[in-house]
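Okay, here's what each chain looks like letter by letter:
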Amino acid sequence: MLKDKVAIVTGAAAGIGEATALFFSELGASVVALDRDGEGAKKVVARIGANALAVTADMRDRASLAAAVDAAMARFGRIDILINNAGIYPRQRFLDLTEEQWDEMQDVNLKGTFRMTQLVAPHMLRQGAGKIVNISSVTFFVGARLLSHYVAAKGGVIGFTRVLAKELGEQNIHVNCITPGAIQTAAEKFFVTEEQSREFVQMQSLKRRLQPIEIARVCAFLAGPWSDGMTGQTLNVDGGWILY
Ligand SMILES: NC(=O)c1ccc[n+]([C@@H]2O[C@H](COP(=O)([O-])OP(=O)(O)OC[C@H]3O[C@@H](n4cnc5c(N)ncnc54)[C@H](O)[C@@H]3O)[C@@H](O)[C@H]2O)c1
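Analysis parameters
Residues numbered from 1 in each chain as written. Predicted model: local features only at pLDDT ≥ 70, side-chain atom pairs only at ≥ 80, totals over all residues. Heavy atoms only, no water. Buried < 20%, exposed > 50% of the residue type's maximum accessible area, 1.4 Å probe, protein only. Helix = DSSP H or I, 4+ residues; strand = E, 2+ residues; numbered from the N terminus. Arc of directions from axis to C-beta. Near = heavy atom within 4 Å. Polar contact = N/O pair within 3.5 Å; in protein donor to acceptor, adjacent residues only side chain to side chain. Nonpolar A, V, L, I, M, F, W, Y, C, P; charged D, E, K, R; others polar. Disulfide = S-S within 2.5 Å. Axes fitted to C-alpha atoms, helices over the stretch in contact; angles between N-to-C directions. Parallel < 35°, antiparallel > 145°, perpendicular 65-115°, else oblique. Left-handed = near helix turned anticlockwise from the far one by under 90°. Contact = heavy atoms within 4.5 Å.

Student: I'd like a description of helix H7 (residues 194–203), backed by residues and values.
Tutor: Every buried residue belonging to H7 is among Ser197, Phe200 and Val201, and all of these are buried. Along the axis of H7, the buried positions cluster into a sector of 95°, meaning they face one direction only. Set apart from the buried face of H7 by more than 90 degrees, the exposed residues are Glu195, Arg198 and Gln202.

Student: Explain the site of the ligand residue by residue, including any values.
Tutor: In the vicinity of the ligand lie 27 residues, with Asp35, Asn85, Tyr89, Tyr150 and Ile183 positioned nearest. Contact between the ligand and Asp58: a nitrogen atom at 2.9 Å from a side-chain N or O atom of the residue. Between the ligand and the protein, one listed contact pairs a nitrogen atom with a backbone N or O atom of Met59 at 2.9 Å. Broken down by secondary-structure element, the contributors of at least two residues to the shell around the ligand are helix H1 (15–26) and helix H6 (148–169). In terms of residue class, the shell around the ligand is made up of 14 nonpolar, eight polar and five charged.

Student: Explain the state of the cysteines residue by residue, including any values.
Tutor: Overall, the coordinates contain zero disulfides when judged by the stated rule. With no disulfide partner, Cys177 has as its closest neighbouring cysteine sulfur the one in Cys219, 10 Å distant. The exposure class of Cys219 is buried, given its relative accessible area of 1%.

Student: Could you give me a rundown of the packing of helix H3 (residues 62–76) against helix H4 (residues 99–127), with the residues and numbers involved?
Tutor: Interhelical geometry of H3 versus H4 gives an angle of 30° and a closest axis separation of 10 Å. Judged by the angle between their axes, H3 and H4 are roughly parallel. At the point where H3 passes H4, the crossing takes the right-handed sense. For the pair H3 and H4, contact is made by Arg62, Leu65, Ala66, Val69 and Met73 and by Gly112, Phe114, Arg115, Met116, Gln118, Leu119, Val120, His123 and Arg126, respectively. The class makeup of the residues in the contact of H3 with H4 is eight nonpolar, three polar and three charged.

Quick look at the structure:
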């Protein structure tokens, strides 16, 4: 259902981005897998095959993102979908948080989304259509200890989504957002204990861990024709953790 569409997925070397890149290719899209981990992006692209391009770029570095967008245009000639997924979530007590830690978080998770969107949107405007999906977090709604810098950035992503939906809606660009709950990625073993994993399940209505593919499927919904009547929305995909 994404046949003939070209999608850029940021943070595509691992986790939710990797699952999204792979799922979009199954749906027929050509995929640009962008990541600062270029080797990881290449491995994902190797699993996809011909209709995919790996690009090494850092969300903090506008020039590298501009080069990535240029490479996508050179290879595929258009960009229909942008999934702003790349993100970091190092934990730190608020009272110990340094200016550098705060700035890095905003630079990657919030300003990176701004940079990438500003570079891609002109192509969508020229084409007369586009779908942008921003990945925020359920922590914006529930708060999370040790993540003041992260939750502030993810709240910014929701606000950014709403304003862009208004500014770009007239030109048929859809901008929506997903707030994932606790998703069981390969990386979480480094910072989530088994006890915490059980606590996540306890907080959810669905009594199992959520997988990256479940966010990828909602990305596909928001990137495809099924969501044509929606923009500026935030979909919470958290196994029924918060209900509203
Ligand atoms: N996993 C969760 O439970 C969860 C919950 C809510 C929101 N999220 C959000 O989903 C997104 C993906 O998270 P994930 O768990 O899949 O993470 P992950 O760590 O598994 O993968 C993130 C990818 O982004 C890349 N990346 C990080 N910083 C980058 C930068 N500066 N430039 C380019 N690429 C960069 C990494 O190399 C990695 O490949 C993030 O925005 C995260 O905040 C995740």
